[in-house]
Amino acid sequence: KEKLLGSSFLAILPGINHSPLMTLLLQAVASGDYLVLDDVEDPTGVLVPGNGFIELRAIRVNGVLSLTWRDVTERHQMMQRIAASEQQHRLLTENASDVVMLVRQGIIKWISPSLNRMLGWSPGRWVGHPFEQFVHREDLGLAKQCCREEHHGGSRVTRLRLRDSLGQHHWVEAH
């Protein structure tokens, strides 16, 4: 607080003068528009110690710039970790030899590309359709039971027949 009160903007943030952020701030002053920046790397290293990430808001009030910011470094790092984890998961599921499928309330929400190698279908032909649509009619009761158990958090291993793109059925083991 003591560093900020009575100090000029450039004295507080000496590294900002030639940054793209300064250009945006000057535009906000000139236009009077509200400036909203999320997950921006601190260009000065002063707003957040250790060159973190900020959420910044700025607006012209009575001819001067009102500027607020918040340290969002932890949130930014968490989002980076989640994105990396999702990328790794996608890489694993898209390149697995097994067919991996996400079914919610009996509807196929996602299925891995290995479906093409195994049954000749492109994944897009199954997504959005009921899982039971591709199950042999004699195995429908078993498929419905598996979907009910999945819906209640259960798990089981079973064998049933699935239809390939040519209409033939093949035995598969479902987990």
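Up top is the structure these notes are about.
No experiment lies behind these values; they were computed from the predicted model shown. (Residues numbered from 1 in each chain as written. Predicted model: local features only at pLDDT ≥ 70, side-chain atom pairs only at ≥ 80, totals over all residues. Heavy atoms only, no water.)

Chemist: Describe the overall build of the chain, naming the residues involved and giving the relevant values.
Modeler: Scanning the chain for helices and strands turns up five helices and seven strands. Based on the C-alpha atoms only, the size of the chain along its principal axes is roughly 80 × 30 × 30 Å. A total of 175 residues make up the chain; the buried ones form 27% of that total. Sequence-distant contacts in the chain: of pairs separated by 6 or more residues, those separated by 24 or more amount to 27%. As displayed, the chain offers around 11,700 Å² of accessible surface, 52% of which is attributable to carbon and sulfur atoms. (Helix = DSSP H or I, 4+ residues; strand = E, 2+ residues; numbered from the N terminus. Buried < 20%, exposed > 50% of the residue type's maximum accessible area, 1.4 Å probe, protein only. Contact = heavy atoms within 4.5 Å. Areas by Shrake-Rupley, 256 points an atom, 1.4 Å probe, with all protein chains shown as cover.)

Chemist: Run through unusual backbone geometry, naming residues and quoting values.
Modeler: Positive phi, close to 50°, is recorded for Asp 39, a residue that is not glycine. Looking at where Asp 39 falls in the secondary structure, it is placed in strand β1 (residues 35-41). Residue class for Asp 39 comes out partly exposed when judged on its relative accessible area of 32%. With a phi angle near 50°, Asn 62 is a residue other than glycine that sits in the positive phi range. Here Asn 62 shows up in the loop between β2 (53-61) and β3 (64-71).

Chemist: Hey, could you go over helix α3 (residues 73-95) for me, with residue numbers and the actual values?
Modeler: Given a rise of 1.5 Å per residue, 23 residues ought to cover 33 Å, and the 33 Å separating the end C-alpha atoms of α3 matches this to within 8%. Those residues of α3 that sit buried are Thr 73, His 76 and Thr 93. (Expected span 1.5 Å × (residues − 1).)

Chemist: Describe in detail the pairing of strand β4 (residues 101-104), supporting the description with residues and values.
Modeler: Pairing of β4 with strand β5 (residues 107-111), which is carried by four bridges, proceeds in the antiparallel orientation. Bridged to Arg 104 within β5 is Ile 107. In textbook terms, the turn of a hairpin is the stretch between consecutive antiparallel strands, and for β4 and β5 this stretch comprises two residues, one of which, Gln 105, has a positive phi near 50°. (Pairing = 2+ DSSP bridges.)

Chemist: Residue-level account of a nonpolar patch on the surface, with values.
Modeler: A cluster of nonpolar side chains, namely Met 78, Met 79 and Ile 82, defines an oily patch on the protein surface of about 250 Å² accessible area. In this structure, Met 78 sits in helix α3. Residue Met 78 is classed as partly exposed on the basis of its relative accessible area, which comes to 38%. (Patch = residues over 30% accessible without salt bridge, like charges linked within 9 Å, V, L, I, M, F, W, Y side chains within 5 Å. Salt bridge = Lys/Arg side-chain N within 4 Å of Asp/Glu carboxyl O.)

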